[in-house]
Every structure is written in C-alpha cells, then in structure tokens.
Amino acid sequence: MKFFRHRLIGLSAFALLVTVTGCSSADGHATAAVPSPSPKAAKLCRNLDEALPAKVDGQSRRDPQPASALTAGWGSPAIILRCGVPRPSEMNDPEADGVEANGVGWLLQKRDDGSFRFTTTLRVVYVEVTIPKARTGNGLAPLVDLAPAVEKAIPEGIAD
C-alpha cells in the first residue's frame, strides 16, 4: 500500500500497527451524523449506497441511525461510511498519511479514541469510513471491500 509521503509499508506491518492500539467493545445501535452535500454529490452518494456490499470485513450491513442513503454501517461496533462529507483540513498537509486500497486513495487519520478515519482522495465526492478501535485488527480489509463500490459510483477528480 502507498502512503502519500511516498513511503511504502506492507499490509502486515499496518495490521500490526493498528492491532497494537488495542481492542474494546461497547455499542448499542450505531448513530452517524448525516452529511449535507450538494444535490449533485447527493445523487452520487445515492448511487454509492446502491453499490455498497452486503458485508464489509465479514460483517453484515447494519445501517446507523438516522436512516439515510448518505450513511451505511457494518457490524457492531459499526464500521461507518458517510458520503458527501466536507474536505478534511488535513488534506492541506503535504505530510499527511494516506493509503491506497484497490485503486482508491484514502487520507488516514488516527483518532484520539483509537479508531481510524479514512477519507477518499481524488474523487469528486468525499467518502469517509470510520473503523472503530475494536475492528482495527484486520488492517485495511474494510477499505478493500468498499473500493469496488467507490470506484463504480464516485468518479475520479477533484471535489468541489
């Protein structure tokens, strides 16, 4: 996998990195803030929703509340996808870490709670995937599972 800093790191090394962060589980039914994208972006997000897989990282789809075509979830604690999110300010940092999974580039952000947030790069709509701390042991498996749907529904380019 490629980091945008032009460093290469193997999947097993990344999996070890995220496994070392530890695991814990406490979850009711997941919730996710629904983004407010432009009408053009919302249409692409609805197309993405229709293309998303039934399972991600071996977990069945279990969408968060409130129900929306702009959000999706898998498992408990949930891997959460939000489509049409604003561009993260960290994308302005030339030293920001990034990964590539099956042809889709992602900004990588480790969060204070041990979870990871990934946001697509070089796509006309930003798609965000949050992997909770308890699910980080499988490395980039969720992104690998989601990449075909993102490639199909969200064209390459620069988001407005």
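The structure presented is a predicted model; accordingly, all values stated were derived computationally and were not measured.

About the thresholds
Residues numbered from 1 in each chain as written. Predicted model: local features only at pLDDT ≥ 70, side-chain atom pairs only at ≥ 80, totals over all residues. Heavy atoms only, no water. Pairing = 2+ DSSP bridges. Helix = DSSP H or I, 4+ residues; strand = E, 2+ residues; numbered from the N terminus. Axes fitted to C-alpha atoms, helices over the stretch in contact; angles between N-to-C directions. Contact = heavy atoms within 4.5 Å. Salt bridge = Lys/Arg side-chain N within 4 Å of Asp/Glu carboxyl O. Buried < 20%, exposed > 50% of the residue type's maximum accessible area, 1.4 Å probe, protein only. Phe/Tyr/Trp six-rings, centres within 6.5 Å; stacked < 30°, edge-to-face > 60°. Left-handed = near helix turned anticlockwise from the far one by under 90°. Nonpolar A, V, L, I, M, F, W, Y, C, P; charged D, E, K, R; others polar. Bend = angle between axes of the 7 residues up to and from the residue. Disulfide = S-S within 2.5 Å.

(A) Focus on the sheet that holds strand β4 (residues 79-83). Judged by pairing direction, the sheet is antiparallel, and its 6 strands sit side by side in the order β3-β4-β8-β7-β6-β5 without closing on themselves. Edge positions in the sheet fall to β3 (71-74) and β5 (98-101), since each of these pairs with one other strand and no more. Averaged over all adjacent pairs, the angle separating strand axes in this sheet is 25 degrees, with direction ignored. Where strand β7 (residues 116-120) meets strand β8 (residues 127-131), 4 bridges bridge the pair, whose relative direction is antiparallel. The residue of β8 that forms the bridge with Thr-119 is Glu-128. Sheet strands touched by helix α3 (residues 141-153): β3, β4, β5, β6 (104-110), β7 and β8. Its angle to β6, the strand with the most contacts, is close to 135 degrees.

(B) Quick look at the pattern of salt bridges. This structure, assessed with the given rule, holds 4 salt bridges. Asp-49 is the partner of Arg-61 in a salt bridge, and the nearest nitrogen-oxygen pair spans 2.5 Å. Here the residue Arg-61 occupies a position in the loop between β2 (59-60) and β3, and Asp-49 occupies one in helix α2 (residues 39-51), the gap between them amounting to 12 residues. Residue Arg-117 is joined to Glu-128 by a salt bridge in which the shortest nitrogen-to-oxygen separation is 3.6 Å. Residue Arg-117 is located in strand β7, and its partner Glu-128 is located in strand β8; the two are separated by 11 residues in the primary sequence. Take Glu-128: its relative accessible area is 9%, and that puts it in the buried class. Linked through salt bridges whose partners overlap, the residues forming this network are Asp-49, Arg-61 and Asp-63.

(C) Expanded view of the packing of aromatic side chains. Inspection of the entire model under this criterion finds 1 aromatic pair. A ring pair is formed by Phe-116 and Phe-118, whose centres lie 6.3 Å apart and whose planes are at 25 degrees; its orientation type is stacked. What makes Phe-116 buried here is its relative accessible area of 3%.

(D) Spotlight on the packing of α2 against α3. It is the contact of α2 with α3, at a shortest axis distance of 9 Å, that shows an interaxial angle of 145 degrees. Both α2 and α3 take part in a crossing whose hand is right-handed. In this structure, α2 uses Leu-44, Asn-47, Leu-48 and Ala-51 to contact α3, whose residues at the interface are Ala-149, Val-150, Lys-152 and Ala-153. Considered class by class, the residues forming the contact of α2 with α3 number 6 nonpolar, 1 polar and 1 charged.

(E) Quick look at the pairing of β6. Counting buried positions along β6 yields 6 of 7 residues, so the element is predominantly enclosed. In this structure, β5 lies alongside β6, joined through 4 bridges in antiparallel fashion. Paired with Ala-101 across the two strands is Val-104, which belongs to β6. Between β5 and β6, which follow one another and run antiparallel, lie 2 residues, and Asn-102 among them has a positive phi close to 50 degrees. Pairing of β6 with β7 involves 5 bridges; the strand directions are antiparallel.

(F) View of α3. The sharpest bend along α3 reaches about 40 degrees and sits at Ala-147, with the proline Pro-148 one to four residues further on. Three or more residues of α3 are buried, namely Pro-142, Leu-143, Leu-146, Ala-147, Ala-149, Val-150 and Ala-153.

(G) Spatial organisation of the side chain of Ser-115. Relative to the assigned elements, Ser-115 resides in the loop between β6 and β7. With residues near it in sequence (within four places) discarded, Ser-115 still touches Gln-109, Lys-110, Thr-130, Ile-131, Pro-132 and Lys-133.

(H) How the structure looks around the state of the cysteines. All chains considered together, the criterion is met by 1 disulfide. Disulfide pairing is shown between Cys-45 and Cys-83; the S-S distance is 2.1 Å. Measuring the twist about the S-S bond at about -80 degrees, one finds the Cys-45-Cys-83 disulfide to be left-handed. In this pair, Cys-45 sits in helix α2 while Cys-83 sits in strand β4, placing the two residues 38 residues apart along the sequence. The same class applies to Cys-45 and to Cys-83, which are both buried.

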